[in-house]
Amino acid sequence: MPQFTSAQQRAIDILARDLAGIFGPRLVSLVAYPGHQADGSVHSCALVQDLTYRDLTSCLPLTESWHHRGTAVPLMLSPEELRRTIDIFPLEYATMMADYAVVRGTDPFKGLSIPVEDVRRAVEGLA
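Residues numbered from 1 in each chain as written. Predicted model: local features only at pLDDT ≥ 70, side-chain atom pairs only at ≥ 80, totals over all residues. Heavy atoms only, no water.

S.K.: I'd like to hear about the nonpolar core, residue by residue, with values.
M.R.: Across soluble globular proteins, nonpolar side chains show a tendency to be buried alongside one another. Ranked by internal contacts, the top residues of the largest apolar core, which has 13 residues, are Cys 45, Leu 77, Leu 82, Tyr 93, Met 96 and Phe 109. When residues of this core are traced back to their parent elements, those giving at least two are β1 (27–34), β2 (42–48) and α5 (90–98). Residues in contact with Met 96, not counting those within four places in the same chain, are Tyr 33, Cys 45, Leu 75 and Phe 109. By size, the runner-up hydrophobic cluster in this structure holds eleven residues, among which are Phe 23, Leu 27, Cys 59 and Met 76. (Core = buried A, V, L, I, M, F, W, Y, C linked by side-chain atoms within 4.5 Å. Buried < 20%, exposed > 50% of the residue type's maximum accessible area, 1.4 Å probe, protein only. Helix = DSSP H or I, 4+ residues; strand = E, 2+ residues; numbered from the N terminus. Contact = heavy atoms within 4.5 Å.)

Laid out in structure tokens, this is it:
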């Protein structure tokens, strides 16, 4: 589980509140994990049931405040999309799964595994 600073934790709490306000009970899960850059940013993944374009446009006015607090715009997808794309983005999901904290809802990665063949294929594609 990652160790977030108090400023990062406040930013995560604000993000969670904002997303709960937009999605309501459709917010299935929100996880946070350290960013890749050395800038101290926090990244997140929000699983939303029945995610729509309108939902995404509702998030747009909040993105500047999220960035100002050092929180990247979350990856937003449905639980089905997460399961369906695990073989397409194995390295990205492996990065999330390596060090994350459940902020709201259920653990989206519980029982989920990334096949080693998918990781190998993704790494070979980088070469």
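S.K.: Give a description of the pairing of β1 that names residues and reports values.
M.R.: Within β1, six of the eight residues are buried, which leaves it mostly tucked inside the rest of the structure. With seven bridges joining them, β1 and β2 adopt antiparallel strand pairing. Its bridge partner being in β2, Ser 29 is matched across the sheet by Leu 47. Bridge count for β1 against strand β4 (residues 101–105) is four bridges, and the pairing is antiparallel. (Pairing = 2+ DSSP bridges.)

S.K.: Can you lay out the pattern of salt bridges for me, pointing to particular residues and giving the numbers?
M.R.: Under the counting rule described, the total for this entry stands at four salt bridges. Note that Arg 121 and Asp 118 form a salt bridge whose closest N and O atoms lie 2.9 Å from each other. Of this pair, Arg 121 and Asp 118 both sit in helix α6 (residues 116–126), three residues apart, roughly one helical turn. With relative accessibility at 43%, the residue Arg 121 sits in the partly exposed group. (Salt bridge = Lys/Arg side-chain N within 4 Å of Asp/Glu carboxyl O.)

S.K.: Please set out the environment of Ala 11 residue by residue, giving values where relevant.
M.R.: Looking at where Ala 11 falls in the secondary structure, it is placed in helix α1 (residues 6–23). A residue is classified by how much of its surface remains accessible, and Ala 11, at 4% relative accessible area, is buried. When the C-alpha positions of Ala 11 and His 43 are compared, they lie 11 Å apart, and in sequence the two are 32 residues distant. In this structure, Ala 11 is in contact with Arg 69 and Thr 71, ignoring residues within four places of it in sequence.

S.K.: How would you sum up the sheet that holds β2? Please name residues and give values.
M.R.: The strand order across the open sheet formed by four strands is β3-β2-β1-β4, and the pairing between neighbours is mixed. A single partner strand is all that each edge strand has here, and the edge strands are β3 (75–77) and β4. Here the strands of the sheet are splayed against their neighbours by 15° on average, with no regard to which way each runs. Alignment of β2 against β3, held across three bridges, turns out to be parallel. Across the sheet, the residue bridging to Cys 45 is Leu 75, located in β3. (Axes fitted to C-alpha atoms, helices over the stretch in contact; angles between N-to-C directions.)

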